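# A closer look at the structure
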4 protein chains.
Amino acid sequence: MAGNSFGQLFRVTTFGESHGIGVGVVIDGCPAGLPIDIALIQQDLDRRRPGQSAITTQRQEKDRVEIVSGVYENKSTGAPICAWIKSEDQRPQDYEEIKKEFRPSHADFTYQAKYGHRDPRGGGRSSARETAARVMAGSIAKMLLARQGVQIGAFVSQVGPIRMKALPENADLSLTESNLIRCPEPETAQKMLELIEQIRDAGDTIGGVVTGLIKNCPVGLGEPVFDRLHADLGKAMLSINAVKGFDYGSGFEGIGMKGSEHNDEFVEKAGKISTKTNYSGGIQGGISNGMNIYFRVAFKPVATLLKNHVGRHDPCVLPRAVPIVEAMAALVLAEHALRQKINT
Amino acid sequence: MAGNSFGQLFRVTTFGESHGIGVGVVIDGCPAGLPIDIALIQQDLDRRRPGQSAITTQRQEKDRVEIVSGVYENKSTGAPICAWIKSEDQRPQDYEEIKKEFRPSHADFTYQAKYGHRDPRGGGRSSARETAARVMAGSIAKMLLARQGVQIGAFVSQVGPIRMKALPENADLSLTESNLIRCPEPETAQKMLELIEQIRDAGDTIGGVVTGLIKNCPVGLGEPVFDRLHADLGKAMLSINAVKGFDYGSGFEGIGMKGSEHNDEFVEKAGKISTKTNYSGGIQGGISNGMNIYFRVAFKPVATLLKNHVGRHDPCVLPRAVPIVEAMAALVLAEHALRQKINT
Amino acid sequence: MAGNSFGQLFRVTTFGESHGIGVGVVIDGCPAGLPIDIALIQQDLDRRRPGQSAITTQRQEKDRVEIVSGVYENKSTGAPICAWIKSEDQRPQDYEEIKKEFRPSHADFTYQAKYGHRDPRGGGRSSARETAARVMAGSIAKMLLARQGVQIGAFVSQVGPIRMKALPENADLSLTESNLIRCPEPETAQKMLELIEQIRDAGDTIGGVVTGLIKNCPVGLGEPVFDRLHADLGKAMLSINAVKGFDYGSGFEGIGMKGSEHNDEFVEKAGKISTKTNYSGGIQGGISNGMNIYFRVAFKPVATLLKNHVGRHDPCVLPRAVPIVEAMAALVLAEHALRQKINT
Amino acid sequence: MAGNSFGQLFRVTTFGESHGIGVGVVIDGCPAGLPIDIALIQQDLDRRRPGQSAITTQRQEKDRVEIVSGVYENKSTGAPICAWIKSEDQRPQDYEEIKKEFRPSHADFTYQAKYGHRDPRGGGRSSARETAARVMAGSIAKMLLARQGVQIGAFVSQVGPIRMKALPENADLSLTESNLIRCPEPETAQKMLELIEQIRDAGDTIGGVVTGLIKNCPVGLGEPVFDRLHADLGKAMLSINAVKGFDYGSGFEGIGMKGSEHNDEFVEKAGKISTKTNYSGGIQGGISNGMNIYFRVAFKPVATLLKNHVGRHDPCVLPRAVPIVEAMAALVLAEHALRQKINT
């Protein structure tokens, strides 16, 4: 109940601390016979890695994935898949002073209060480094989902006050990696970049929104009561460091609408049922309806300030959060895709 | 994995359909020896019940709670507590026509697609009637939390464009029940009421925000990785009908702030550590820090329109959602209060 | 974690005390669209019921099953199925004196020590009455398994020193119900009956063995490490009142064999692989191999003696335990049949 | 649901294949602040290791435990503890021929049928090597239990027809490690050793019984319905390779007793309640009563024969099974000790 596992059927357990020996994940429940492409896992890890550019943390790590178990001749065997990355950049001395104080808006105080003692090196489990384990698992979940044609994407849609113009549903996912910000609107990305550079120069940080977009999701994923698809997506996103909010479909903005405007009318084309509008965000009654699923994840400005502390942190975590949002979305979808196999 | 249970240690399973024999809940894991006050359960049920006023559904139900098991001489025995309410208002004939069509923005289509067949009476499990089971369980969770002094409150803070002026943290919970809207600012409540009456007269519906406020939460509740306290609160809230979004602390509005503004500095007064500001919303690194916990829950305008369908629905579900938000918050807090007993 | 649930995918939660309002079960995870035959549930309940004959408890209960939820037009809907039986024979006064003392080899002492207080009426949750809930759930599990052709049987194979002659694998399940003892060898049954009558006349009790036999189990059920099929069967059986031991295949008697004798050689006939002998009991490496599964469940002589106490108990619980063993076996097989749907 | 985890609160997940990179375990839920003595883990691993003597497998492995996470300054932090051993003796070529055939009474056939493809190297997950992961976790569980004074022991009580004379409850655990067999009766151990040597010379194998003995268990561990303490112990033991049966207290031998003989009468001495006899095996109604807990675990003769196959196996696995039985018992007790903290 210590909460280091996520999912039931596609069950992921992460372990390892920042600045410890390494960080890893065990996936229990990956179906047997799935082709595992290690290069794809590495690619997602590289997207998450610090030190990719001038706007992200200057910590240089190789983050080489190693598969410890569960894969034979490049296919899953049904046994637990363990994957991990060893740490190469252990600098605990940097953190010696942090041991004695509670940094504002960090987990130092609550960890100390909860456990009585704590591992102060790099924030231990509260460090973003733990998310590398999620990315490895999410990458394998994506492979499972790709067999059904499901596509999982995420992108930066807002930094501070600067927002994308396009509706999230219409974003062109092929442009996400075309810039450092991972915003699929190049001109907006440029403005975001300028803002982040200003913020960095002022020794400050800024927040924003990552939007998730799931295309080609089959109808019927999600459970009707507690494990609604969007409730599980919400929990997944809110478990990411620095996330303060989640909404899907019309979300917080739907508050201002009237019911008569908000209804998504069903239409039938060539035997396939869809809806005219998609305020529902692809989920009705907690269950996917076949339309695109889209949701927003709000990130606060991260707390550590360059001017105050020696830790190495980003002025804006958003670009690196994109593969993490994708990973968590993939874990939720993989879980529910497996569940749906036993519902009838 | 069908998702009709919530929680692990304080584990709640709901059953029953709208317009079936009854709706109930089994709580497995309520500690033994807890005094159970049935009158308090009934009181929470009465707050959720339709037909309380001109602005809520005109379905008259008594909703009498009956304790089936797990309580002896008014104390929990450690055995599973089953509580239920019988249905007295079974009018399946009203729904006969719904059987054949898919109502817009309802779960009819997704249920049919998921399960192959469905119980069309009153929406079956997708009906808000299922939430009566949550309210009963939440009421018992509140009794457990009250022993530790934890207070769980919720109120309507926004209807359409009309918002409360006070900061959520400063809301006076004793005023919540002073008006039909359950908004603790009487003059704002009056405006909300006028808007809802307009909307009802137009045969339409409107959404809004319920804010949750938890006072006197002990330090240390929540787990650092996946089961962060706010992630579990988020899932809990997103599992309520018509909810489209959740945020806590500075939430979506924190996006516009800079890190230097957003930091909650620690201060020590008389040996007790607190923070000067509370943008963290009482939770840091996923763990409660002893400050007030507050969060927003966004409700869409409900889909069924009086002008189109025979079902009996509210122009605004917000006031009736208040006890449900409280119940779900209580379930999350009870779960984590029990977990914290085994963390050291 | 209070242990009133069994299974994960086909998840059963029981509630209710002996001499309380009623005893019931919630099944979460029964696939949608399964035809539910209430008459079959009632039939299994009748087999478990006390008062069937001179050799069982003289407590007369009707034990009428009522389906509260999850079934519509005689088919499961995918929603939780709640079934229960109301108590008609509440005689708490009989148990008033038990409130103060600890009966030998009963749960009175341990319950009091564990929970601080307890419901003394009829043993509360420790009463065999709780097993009625399991029988209802097991009956539905049998319906699910029958779709795949799996047959679940159990019978009394030993009472005190009197044992069946036939190998358990070769038992003729169609004879089980031909006598009061539920032993499919009529002449052995007669001897068992005589022994039980002697024991009853002496005011004493006696133990024995119920053998479980599962025919036509598909290959591949069970998980290789902790959730081996026989480990889950073992737990299921050991959770039944008065059970002291479990073995399968060659079991405790295989201890005396050498490896060279114990090997089950594979043979192929008409493309189907089977084994020449079946010391493995139909399970290898924790996974079913398509041969008959058979196992033994040891019941102690029950503790309450007619001469000492007012409670109404059986001289030999074995015949009534038969449907309970079947029910628990069905729950395990249903669980693993669902799991196998997601392993590849 | 793939069954590579055991326990809920003290949750253990194992990973790794025989002849893969390594074998490890993640423990999620170990309370913070527990002193972790790595030397004790290594000591238990050494007891399990092959190649200890002439009567066990001649596979030489060092099996050095490495703690990957969750421990800081020799104390648990509350984060997941990952421990593993790297493989040093990878000889997959030995197993090349096994790839094509199904060894009798092995898991080859069932794995192939279940998963479609499999890792044939050393039996993959069905290998006894997986149990090294359990031993590491069990060792930490023992440290947790030792804080409460609970002592977990196991010993070989029977090999083929040769049985210990002493009652299991009275075994002197301090003698267990005094001989290669791990039987605390030296003269019986000598006879067992002679038998095993005969069996080995004949190229055959033999089974037997390991008895578990838990001293100083607090009253109140175990849950009354499905998760009875003995049911969880039974599942734990039945999940060990080559185990065919489990009983506790009077067990299968209690079948021949009458209820009047079998009752354990309560006595009170100096305010402490105990029972005169202990046929209950320290557990009543599924809950520990403070008396010694004892149980038997039946091991079949292992299947691989030296004369037929190249694999390297023991003529008798019993001595090496002793630390595994202890480990699994410790996991069950640790789980229930944590659960009991939340029952009142």
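Residues numbered from 1 in each chain as written. Chains lettered and ligands numbered in written order. Predicted model: local features only at pLDDT ≥ 70, side-chain atom pairs only at ≥ 80, totals over all residues. Heavy atoms only, no water.

### Remarks on the overall build of chain A
Within chain A, the regular secondary structure consists of seven helices and 16 strands. Summarising its shape, the C-alpha atoms of chain A cover approximately 65 × 50 × 40 Å along the three principal directions. A sequence separation of at least 24 residues applies to 71% of the contacts in chain A between residues at least 6 apart. Looking at chain A as shown, the accessible area adds up to about 10,500 Å², and 50% of this sits on carbon and sulfur atoms. (Helix = DSSP H or I, 4+ residues; strand = E, 2+ residues; numbered from the N terminus. Contact = heavy atoms within 4.5 Å. Areas by Shrake-Rupley, 256 points an atom, 1.4 Å probe, with all protein chains shown as cover.)

### Describing the sheet that holds strand β8 (residues 151-159) of chain C
Within the open sheet, the ten strands sit side by side as β9(C)-β8(C)-β10(C)-β16(C)-β11(C)-β11(D)-β16(D)-β10(D)-β8(D)-β9(D). Their pairing is antiparallel. On the outer flanks of this sheet lie β9 (162-163) of chain C together with β9 (162-163) of chain D, each paired with one strand and no other. Sheet topology places strand β8 (residues 151-159) of chain D next to strand β10 (residues 208-215) of chain D; eight bridges connect them, and they run antiparallel. The partner of Q151 of chain D across the bridge, within β10 of chain D, is K215 of chain D. (Pairing = 2+ DSSP bridges.)

### Remarks on the relation of the copies chain C and chain D
Expressed as a screw operation, the relation of chain C to chain D combines 0.0 Å of axial shift with a rotation of 180°, fitting to an RMSD of 0.0 Å. In the structure described here, the two chain copies are related by an operation that fits a two-fold rotation axis. The share of interface residues of chain C whose copies in chain D are also at the interface is 100%, consistent with both copies meeting through the same surface. (Least-squares fit on C-alpha atoms with pLDDT ≥ 70 in both.)

### Things to note about the pairing of strand β11 (residues 243-248) of chain C
Burial analysis of β11 of chain C places six of its six residues in the buried class, the great majority of the element. Pairing analysis gives five bridges linking β11 of chain C to strand β16 (residues 293-299) of chain C, with the strands arranged antiparallel. Following the sheet pairing, F246 of chain C is matched in β16 of chain C by V297 of chain C. Pairing geometry for β11 of chain C and strand β11 (residues 243-248) of chain D, over three bridges, is antiparallel. When the bridges of β11 of chain D are listed, D247 of chain C appears paired with G245 of chain D. (Buried < 20%, exposed > 50% of the residue type's maximum accessible area, 1.4 Å probe, protein only.)

### Some words on the pattern of salt bridges
Applying the stated criterion to the full structure yields 80 salt bridges over all chains. Its salt-bridge partner being K235 of chain B, residue D227 of chain A comes within 2.7 Å of it at the nearest N-O pair. Of this pair, D227 of chain A sits in the loop between β10 (208-215) and α5 (229-238) while K235 of chain B sits in helix α5 (residues 229-238), placing the two residues on different chains. Among the salt bridges present, the one from E253 of chain C reaches R163 of chain C, with a minimum N-O distance of 3.2 Å. (Salt bridge = Lys/Arg side-chain N within 4 Å of Asp/Glu carboxyl O.)

### Quick word on the relation of the copies chain A and chain B
Rotating chain A by 180° about the axis while translating it 0.0 Å along that axis superimposes it on chain B, leaving an RMSD of 0.0 Å. By residue overlap, the copies meet face to face through one surface: 100% of the interface positions of chain A are interface positions in chain B.

### As for the interface of chain A and chain B
Reports often express the size of an interface as the amount of accessible area lost when the parts come together. Opposite the 95 residues of chain A that make contact, chain B presents 95 residues. Note on chain A versus chain B: buried area summed over both sides is about 7,600 Å², and carbon and sulfur give 63% of it. Together, K114, F226 and K244 of chain A form the three largest contributors to the area buried by chain A at its contact with chain B, with a combined 12%. Where chain A touches chain B, the interface holds six salt bridges. Between E223 of chain A and K114 of chain B there is a salt bridge, with the nearest N and O atoms lying 3.8 Å from each other. (Buried area = accessible area lost by both parts, 1.4 Å probe.)

### A look at the interface of chain C and chain D
Between chain C and chain D, the contact holds 95 residues from the first and 95 residues from the second. Approximately 7,500 Å² of surface area, both sides summed, lies buried where chain C meets chain D, with 63% of it carried by carbon and sulfur atoms. Three residues, K114, F226 and K244 of chain C, lead the burial of chain C against chain D; their summed loss comes to 12% of the area buried on that side. Our enumeration of links across chain C and chain D arrives at six salt bridges. The residue D232 of chain C makes a salt bridge to K235 of chain D at a minimum N-O spacing of 2.7 Å. Grouping the constituent residues of the side of chain C that touches chain D by class yields 40 nonpolar, 36 polar and 19 charged. (Nonpolar A, V, L, I, M, F, W, Y, C, P; charged D, E, K, R; others polar.)

### A few points about the packing of aromatic side chains
Under the definition given, this model contains 28 aromatic pairs over all chains. Between Y111 of chain B and Y115 of chain B, the aromatic rings sit 6.0 Å apart at their centres with planes inclined by 80°, giving edge-to-face as the arrangement. A residue pair is termed a helical-turn pair when its members lie 3 or 4 positions apart in one helix, as Y111 of chain B and Y115 of chain B do in helix α2 (residues 108-115) at four residues. With 5.4 Å between their ring centres and 65° between their planes, F102 of chain C and F109 of chain C make a pair best called edge-to-face. The partly exposed category is assigned to F102 of chain C, whose relative accessible area is 27%. Aromatic ring contacts, followed pair by pair, group F102 and F109 of chain A together with F266 of chain B into a single cluster. Seen from the ring of Y115 of chain B, K114 of chain B lies directly overhead, with NZ or CZ sitting 5.8 Å from the centre. The ring of Y248 of chain D carries the charged tip of K244 of chain C above its face, separated from the ring centre by 4.0 Å. (Phe/Tyr/Trp six-rings, centres within 6.5 Å; stacked < 30°, edge-to-face > 60°. Lys NZ or Arg CZ within 6 Å of the ring centre and 35° of its normal.)

### Focus on the side chain of T211 of chain A
Its place among the elements puts T211 of chain A in strand β10. Ignoring anything within four residues of it in the chain, the contact list for T211 of chain A reads G153, A154, F155, S157, P168, F295 and R296 of chain A.

Geometry only, nothing functional implied.
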